[in-house]
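Read off the chains here:
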Amino acid sequence: MQAENQPGADAARLERLVARQAEKRHLAAIWAARVGLAAGMTVLDIGAGTGALALEYAALGARVLAMDPDSASLAYAAAEAARRGLALETIVGRAEALAALPAAPDRVMLTDALHHMQEKDAALRAIRTAMKPGGALFIAEYDPAGPGAVGAPMARRMDPAEALTLLAAAGFAASAAEAGPDEHYTIIAVP
Ligand SMILES: C[S@@+](CC[C@H](N)C(=O)[O-])C[C@H]1O[C@@H](n2cnc3c(N)ncnc32)[C@H](O)[C@@H]1O
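Residues numbered from 1 in each chain as written. Predicted model: local features only at pLDDT ≥ 70, side-chain atom pairs only at ≥ 80, totals over all residues. Heavy atoms only, no water.

The chain appears in an unreviewed UniProt entry as Methyltransferase from Acidiphilium multivorum.

A. Highlighting the site of the ligand. As a matter of local geometry, the ligand sits amid 15 residues, with Lys-24, Gly-47, Asp-68, Glu-96 and Thr-111 nearest to it. Here Lys-24 contributes a side-chain N or O atom positioned 2.8 Å from an oxygen atom of the ligand. Glu-96 has a polar side-chain atom sitting 2.8 Å from a nitrogen atom of the ligand. Computed on the free molecule, the ligand has an accessible area of 590 Å², of which 86% lies beneath the protein chains in the complex. Structurally, the ligand is housed in the largest pocket. Class assignment for the residues of the shell around the ligand results in six nonpolar, four polar and five charged. (Near = heavy atom within 4 Å. Polar contact = N/O pair within 3.5 Å; in protein donor to acceptor, adjacent residues only side chain to side chain. Areas by Shrake-Rupley, 256 points an atom, 1.4 Å probe, with all protein chains shown as cover. 1 Å grid on protein atoms, 1.4 Å probe; cavity = no way out; pocket = protein on both sides within 12 Å on 5 of 7 lines; lining within 4 Å. Sits in = over half its atoms within 2 Å of the grid points. Nonpolar A, V, L, I, M, F, W, Y, C, P; charged D, E, K, R; others polar.)

B. Quick peek at the environment of Glu-80. Here Glu-80 is to be found in helix 4 (residues 71–84). Sequence-wise, Glu-80 and Leu-14 are 66 residues apart; in three dimensions their C-alpha atoms are separated by 14 Å. There is a polar contact of 2.9 Å between the side chain of Glu-80 and the side chain of Arg-83. (Helix = DSSP H or I, 4+ residues; strand = E, 2+ residues; numbered from the N terminus.)

C. Here's a closer look at helix 4. In this model helix 4 runs 20 Å from its N-terminal to its C-terminal C-alpha over 14 residues, within 8% of the 20 Å that 1.5 Å per residue would give. Ser-73, Leu-74, Ala-77, Glu-80 and Ala-81 are the residues of helix 4 that are buried. The arc that holds every buried residue of helix 4, seen down its axis, measures 120 degrees, which confines them to one face. Among the exposed residues of helix 4, those pointing more than 90 degrees away from its buried face are Ala-82 and Arg-83. Measuring from the backbone nitrogen of Ala-72 back to the side-chain oxygen at the start of helix 4 gives 3.1 Å, which picks out Asp-70 as the cap. (Expected span 1.5 Å × (residues − 1). Buried < 20%, exposed > 50% of the residue type's maximum accessible area, 1.4 Å probe, protein only. Arc of directions from axis to C-beta.)

Below, the structure written as structure tokens:
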């Protein structure tokens, strides 16, 4: 019975993810501007999910490498990219095991994804290794100091001080955390 219901359950789950992540689409332009993401750049979006933001970076003229362990989410993003004629390639995998990329990224976007990772330190080290000099890593996370009206549950939010400590341990030089829209803080880090 469960196996018969699985395709329907998978489709419903994907539909929920698409709808939830689409609510954040407006953040892509704000975050792209904050980190200097521009046409012609290679952008690695880690934890890209269904591609709500990754597709917007591609629409700005970037070549986007969208990475996520969730193959169903990435398949949705790839289909949308094809439909819209956008340059987006998908990589199924975890940041902790980041392998050789088709191109070194100019910008790495890690938005609302770091707090999901089990091995945050390993993930940040792998990201730093994949980056080239002059590249920048952009992190956005929901702020535990926010009211909790939107976004990740309070219990899962990561304090900016913890993110900055992890970045320093992985060898990044990071900016101070800056308040972002919708209860976020953002950090820009260079390898
Ligand atoms: C809340 S969604 C964020 C989606 C998108 N980045 C955004 O800002 O809306 C978190 C994503 O991180 C992905 N994720 C979880 N663990 C990961 C890991 N170890 N490496 C890469 N992505 C991961 C999840 O599959 C999910 O798609």
